Amino acid sequence: MLDTNVFVGAGFNPRSASARLIAAAREGGLILVWAEQTRAETRRILEKIPPLDWPAAAPLFTEAGRFDGPLDLAAMQAVPDPEDRKFAALSAAADVPVVSSDSDLLDVRGVIGAVVLTPGEAAKKAGL
């Protein structure tokens, strides 16, 4: 699953690991796991930054990747930014890594019940 900052990074650096991950999702090589809360945040942020494009990102949020189960935000209190807890909770609930450049998530690796990867780590793991 991709934190919003991966979309932002891809939008500003088309040669980045973030951009390679987005391209792989767009081409069907990766399925983006998402919950309504994470999709809504990504949309809100992309719509606030003029060079970025929500309509281009929206098709990546497919039904195949939708997670409708409960997210235990209370279990993610170690994540300093409350806005980031939904990404960690989704990662733990869906048992998929969260890909992020955010130090609030990266700094609690091994502390929370979610795997957190940088875009570079995720791209390497995916062979991109």
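In this report, we go over the structure that sits alongside the text.

## What to know about helix α5 (residues 85-94)
Move 1: Of all the ten residues making up α5, seven are buried; the element is thus mostly covered by neighbouring parts of the structure.
Move 2: Buried residues of α5: R85, K86, F87, A88, A89, L90 and S91, and no others.
Move 3: Where the residues of α5 are buried, they touch α1 (4-12), α3 (36-48), β1 (98-99) and α6 (103-106).
Move 4: One or two residues past the end of α5 sits D95, with phi positive at roughly 60°.

## As for the layout of surface pockets
Move 1: Volume-wise, the largest pocket comes out at about 280 Å³.
Move 2: Looking at the lining of the largest pocket, the elements with two or more residues in it are α2 (17-26) and α7 (119-125).
Move 3: Of the residues in the lining of the largest pocket, the class split is 14 nonpolar, no polar and one charged.
Move 4: Roughly 180 Å³ of internal volume is contained in the second largest pocket.
Move 5: Residue lining of the second largest pocket: F7, A10, G11, A19, I22, A23, R26, L46, L52, D53, A56 and A57, and that is the complete set.

Rules of the game
Residues numbered from 1 in each chain as written. Predicted model: local features only at pLDDT ≥ 70, side-chain atom pairs only at ≥ 80, totals over all residues. Heavy atoms only, no water. Buried < 20%, exposed > 50% of the residue type's maximum accessible area, 1.4 Å probe, protein only. Helix = DSSP H or I, 4+ residues; strand = E, 2+ residues; numbered from the N terminus. Contact = heavy atoms within 4.5 Å. 1 Å grid on protein atoms, 1.4 Å probe; cavity = no way out; pocket = protein on both sides within 12 Å on 5 of 7 lines; lining within 4 Å. Points joined across faces, edges and corners; volume = space filled by probe spheres on them. Nonpolar A, V, L, I, M, F, W, Y, C, P; charged D, E, K, R; others polar.

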